[in-house]
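Understanding the architecture of this molecule
Listed here are the chains, written in short residue letters.
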Amino acid sequence: MSNFSGKTALITGASSGMGMDYARQLCAAGANLILTARREDRLDALKQELAAECSRSGKNVDIHVFACDLVDEESRNSLITRIADAGLKVDILINNAGLGLQAPYLTQQWDDLHGMMQLDMNALSHLTHHYAADMKARGEGYILLVASVAGHMAIPGYAAYSACKYYVRALGYALNGELRPDGIRVTVVSPGATETAFFEVAGHERNWIARFMTGKSEHVVSSALKGLKRGKREIVPGTLNWLATFYSRILPYGMMRRIMEVIF
């Protein structure tokens, strides 16, 4: 991933799960980092870990930490201002922050659903809109949008989450074509079940099938960054996940719905 060496990456949701792995792998590639999430203590701990690793490997990488609640638009605007005031430019935007909620749609509280939609769609769109404009002015940039296999199909129990991730895929597909002439590579990564805190936060107790299909976070991140480097439109890590998205396009929805109900 030599393309990323010396560039500066802004990673959202960097305090846990795949966000931490994006930070580790981009740091190992020689990229400078801007890490953001709500929990500043975890960001500071990750910064210390990465700084120690860089010191051992002889890399000279700058790491900046900015706590931010991306659900709140005012907080996002403050983040953008603080990054600019620090004299930093974003060459790589990793829109990793996201939230999933699992339950029948009508049993979920509207405030919870609204917060998820604010994070999964609005925050991602806001940061993409702002930093893509900067990248266009410079004639170069990389943007990764983290979607989900759920964005390929409507999964009962994940109705709003599936819709959010469908939006992310549609946005990424369109921007891949719109921004390519401006030197900006836009890639969507659609992971399946991954070993992170996602299911715990979602309140989802997985069955044995879902656990069997669960992949490793570091493998997802590696595939995503390789795809981003090449400017691929979408990456679906894992053979089983790729097959699921393939059959979602050719099987009747009623059949896919029943399959998803068995798996999840």
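The sections below set out a description of the structure shown in this document. No experiment lies behind these values; they were computed from the predicted model shown. (Residues numbered from 1 in each chain as written. Predicted model: local features only at pLDDT ≥ 70, side-chain atom pairs only at ≥ 80, totals over all residues. Heavy atoms only, no water.)

1. Topic: the sheet that holds strand β7 (residues 234–235)
- On the basis of which strands lie adjacent, the open sheet formed by 7 strands has the order β3-β2-β1-β4-β5-β6-β7 and parallel pairing. The strands lining the two open edges of the sheet, one partner per strand, are β3 (63–67) and β7.
- In the sheet, strand β1 (residues 8–12) pairs with strand β4 (residues 92–95) via 3 bridges, with the strands oriented parallel. Paired with L10 across the strands is L93, a residue of β4.
- Where helix α4 (residues 110–138) meets the sheet, its contacts fall on β1, β4, β5 (141–146) and β6 (184–189), and the angle it forms with β4 comes to roughly 170°. (Pairing = 2+ DSSP bridges. Helix = DSSP H or I, 4+ residues; strand = E, 2+ residues; numbered from the N terminus. Contact = heavy atoms within 4.5 Å. Axes fitted to C-alpha atoms, helices over the stretch in contact; angles between N-to-C directions.)

2. So, the packing of helix α1 (residues 17–28) against helix α8 (residues 217–230)
- For the pair α1 and α8, the least separation of the axes is 9 Å and the interaxial angle reads 55°. With respect to α8, the axis of α1 lies oblique. For the pair α1 and α8, the sense of crossing is right-handed. Residues G17, M18, D21, Y22, Q25 and L26 of α1 form the contact with α8, whose participating residues are S217, E218, V220, V221, S222, A224 and L225.
- Within the contact of α1 with α8, the residues separate by chemical class into 7 nonpolar, 4 polar and 2 charged. (Parallel < 35°, antiparallel > 145°, perpendicular 65-115°, else oblique. Left-handed = near helix turned anticlockwise from the far one by under 90°. Nonpolar A, V, L, I, M, F, W, Y, C, P; charged D, E, K, R; others polar.)

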